[in-house]
Each structure stands twice: as C-alpha cells, then as structure tokens.
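These are the residues of each chain, in order.
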Amino acid sequence: MIGIGVAAVIGLLLARHRKYEFFDFMLVVVITLLSALAGAKILSIIVNWNLIVNLFEVLPAMEALEIVIRSGFVFYGGLIGGVIGLFITCKVKKVSFIEYASVFGVPLCIGHAFGRVGCFLGGCCYGIEYDGILSHVYETAIDASTPIGVPLLPIQLIEAVLLMLLFSVLLFVFLKLNNSKLVIYLYALSYSVIRFVLEFFRGDAERGSLFSISTSQWISIIIFSVAVILLVIETIKRIKNKRQTTNVIDK
Amino acid sequence: MGKGLAVSGMVLGIVSLVLCWFGVLAFAALPLAIVGLVLSIVGGKKLKANNAPSGIATAGLVIGIIAVVLTGIAFVSCGLCVVLAASVA
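Residues numbered from 1 in each chain as written. Chains lettered and ligands numbered in written order. Predicted model: local features only at pLDDT ≥ 70, side-chain atom pairs only at ≥ 80, totals over all residues. Heavy atoms only, no water.

(A) Summary view of the overall build of chain B. Across its full length, chain B carries 4 helices and 0 strands. Reading the secondary structure of chain B in the N-to-C direction produces α-α-α-α. A buried classification covers 42% of the 89 residues belonging to chain B. For chain B, long-range pairs separated by at least 24 residues make up 70% of all intrachain contacts whose partners lie at least 6 apart in sequence. Entry remark: accessible area of chain B is about 4200 Å², with carbon and sulfur atoms responsible for 78%. (Helix = DSSP H or I, 4+ residues; strand = E, 2+ residues; numbered from the N terminus. Buried < 20%, exposed > 50% of the residue type's maximum accessible area, 1.4 Å probe, protein only. Contact = heavy atoms within 4.5 Å. Areas by Shrake-Rupley, 256 points an atom, 1.4 Å probe, with all protein chains shown as cover.)

(B) Structural detail: the packing of helix H2 (residues 22-47) of chain A against helix H6 (residues 97-122) of chain A. Residue and element names in this part refer to chain A. One can describe the packing of H2 onto H6 by two numbers: an axis separation of 12 Å at closest approach and a directional angle of 70°. Taken together, the axes of H2 and H6 are roughly perpendicular relative to one another. Considering how the two elements wind past one another, H2 and H6 form a crossing that is right-handed. Across the interface between the two elements, Phe25, Val28, Val29 and Thr32 from H2 touch Tyr100, Val103 and Phe104 from H6. Class assignment of the residues belonging to the contact of H2 with H6 gives a composition of 6 nonpolar, 1 polar and no charged. (Axes fitted to C-alpha atoms, helices over the stretch in contact; angles between N-to-C directions. Parallel < 35°, antiparallel > 145°, perpendicular 65-115°, else oblique. Left-handed = near helix turned anticlockwise from the far one by under 90°. Nonpolar A, V, L, I, M, F, W, Y, C, P; charged D, E, K, R; others polar.)

(C) Region of interest: unusual backbone geometry. Positive phi, close to 70°, is recorded for Leu134 of chain A, a residue that is not glycine. Examined against the element boundaries, Leu134 of chain A turns out to sit in the loop between H6 and strand S1 (136-137). A positive phi angle is found at Asn51 of chain B, which is not glycine, with a value near 55°. Within the fold, Asn51 of chain B resides in the loop between helix H2 (26-49) and helix H3 (55-75).

(D) Region of the structure containing the pattern of salt bridges. Within the structure shown, the criterion is met by 9 salt bridges over all chains. Close ionic contact of Arg116 of chain A with Glu159 of chain A constitutes a salt bridge, the shortest N to O distance being 3.2 Å. A residue pair is termed long-range when its members are at least 10 positions apart, and Arg116 of chain A in helix H6 and Glu159 of chain A in helix H7 (residues 155-177) qualify at 43 residues. Each member of the pair, Arg116 of chain A as well as Glu159 of chain A, is classed as buried. Between Glu234 of chain A and Lys181 of chain A there is a salt bridge, with the nearest N and O atoms lying 3.6 Å from each other. Note that Glu234 of chain A is positioned in helix H9 (residues 215-250) and Lys181 of chain A in helix H8 (residues 180-199), a separation of 53 residues in sequence. Glu234 of chain A gets classed as buried once you look at its relative accessible area, which sits at 17%. Linked through salt bridges whose partners overlap, the residues forming this network are Asp24 and Lys93 of chain A together with Lys45 of chain B. (Salt bridge = Lys/Arg side-chain N within 4 Å of Asp/Glu carboxyl O.)

(E) Structural detail: empty space enclosed by the protein. Residue and element names in this part refer to chain A. Under the criterion given, the structure shown has 1 cavity of 30 Å³ or more. Taken together, Phe120, Tyr126, Gly127, His136, Tyr138, Leu152, Leu153, Pro154 and Gln156 make up the lining of the largest cavity. When grouped by side-chain class, the residues that make up the lining of the largest cavity number 6 nonpolar, 3 polar and no charged. (1 Å grid on protein atoms, 1.4 Å probe; cavity = no way out; pocket = protein on both sides within 12 Å on 5 of 7 lines; lining within 4 Å. Points joined across faces, edges and corners; volume = space filled by probe spheres on them.)

(F) Up close: H7 of chain A. Residue and element names in this part refer to chain A. Here H7 is 23 residues long and its end C-alpha atoms lie 32 Å apart, about the 33 Å a rise of 1.5 Å per residue gives. Turning to H7, its buried residues are Ile155, Gln156, Glu159, Ala160, Leu163, Leu166, Phe167, Leu170, Val173 and Phe174. Close packing links the buried residues of H7 with helix H1 (2-17), H6 and H8. Directly after H7, the chain includes Asn178, whose backbone phi takes a positive value near 55°. (Expected span 1.5 Å × (residues − 1).)

Structure follows, in structure tokens:
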C-alpha cells in the first residue's frame, strides 16, 4: 500500500512535469491499472493451474473460487496487462504511448521495490536456504509454504535495493535527459536481467517452470529479446536517416 | 452532464466505502468503487472542457481512490498463500 501511494505521488508529479491534463491522465491511470490487475490475476491462474485444480477438488466450488479471486497476483502478468491496456488507451486517445509509458514506468519501479519489501515482511516470494550474513529466519509467514525456522536468503530485499537503484537511474534519465524511449529501454533491459538472475535464488519453486527455467525467467528472456530487437531496428533506422541526410547535403 | 456524472461517481464511491466493511459485500464494493472512480473522472473531464468548476469531480475522485484502496485491502491478499494453505490441508 505504501508502495502504491509513493508510486502514485511520483507518477502525478511526473505527469505534472509533462503538463498532462489531470482528469485525462487519471483516466489513463485507471484503465492501465485495471488491465494490470487483470493481467496479474490471469498469469497467476496460469502459473498455479495445478494448485487451483487441486483446490477445486478439495473445497466447495464457491469457497475455492473466493480463494482464487482473493489471492495470487504475478508482477509480470500485471506488467504485460498494464502495457497492453496503456497501448490500447493511447491508440484510442491518439497520444504517444512511449511518453505515457515512461511516466508509468518510473513510479512502477519504486512501487515494485516497496512491494518486495512487503514480500519480505510477509514471508512470500522467499529465497533459497542460506545460512550466511543477512540470512533471515521466519517464525511466522503469510505464505503457508514459507519454510519456518529455516535461514533463508533475503532475496526480496536484494531485489528491492536493485529496483531502487534502477529507479534512481530512470528518474535521472526522465528529468535530466528528458528521453522517454531511453527510460523504457533501460527499464526493460535492466529489469529482465535482474529478474532472470535473481530467479535462480528464489526458494518458492512451486510457481511453475518449463525445462528448468521458471515462468518469470522465460518472460524476462522474451522482454529482453524484444527490447534488443527494437533497439537494433531503431539504431539501423537512425544510421540510414543520417546517411540519407549526409547524401542530400553532399549533393 | 458532467456534474451528473461526477455526483454519481461520488455517490457510488460512498456506497462502496460503506459496503466494504460488510464481509462478503466487499465483492460488490470493489466494482462499484471502480465504476464510481471512472464516472468521477469522466465527469471531471466534461466539466473542465466546459470551463465549469470541477470540485465535485475531484471530491468524487478522492473518495473513489480511497474506496478502491479500502475495498482492495478487504478483497485481496498477497501471494497464493491461501491457495497453498488449502492445498496443504
């Protein structure tokens, strides 16, 4: 909740910096957040399909449905859902998707960081067993699968620190360099690498995997690849345009 | 037209704020809060477009945000913890 509040304030300040009309921006925010919620829920259901089927076998249907609705959201699902919602909204309103995406991306990063702190405090999204410095032992946890009395790597806090560093960089690029595209590319490339690496140190393996690579790692690979391909295409276009401009000047 | 939408949004926000305290009614409160929020925003846009005061739309927006946050807390928990607890049981 604190993360959402901080992200919301920063988002509103960045929107004001870009001189967006308040109610216009709020409408885009609401549609994007609803899409993000839907995406986070859908991916959670996909990733935990076997567990959910088991739940419907064990409990009455209405009770199982209530549990499924109330719990389980995956960040990447939210990100993908939010991006799709924002893209469609920007197309309808005929505004720049990249500009709006950068206004959303910067506060999303810090909100995510706070969220990871929340995960640490609640005991979910826990790390592998680890008995060194900064290891943490849970006496109780919200997540019933969290090992109790076992020293764990505080992977949630590690990710939170990395996200805060990334947020500082993104904020600098947004405010000082005023480059929306660079904000998006930096976020996509950096977070996909961070997430891919940190997934090896996650202890909650029941989230789902394919060929020993977790769902989040697969999504990280896809996001990184798409970002690199788009960056290469843009660089080639820029070089071609520069050559054409040089040829015209020479003539 | 804008004022009507803004007032409707505010009313829905207040109704959802009341409903979210009554257990299973939180299921109805969240969609009401979201609809109220959207109505307040659309009403505010129309009022601003006609250079009319948009105070009531802003009030509806604030109430809507509070309603969404509170109903969200009443409605949702973090992680698949409860699902896992049920599967372990």
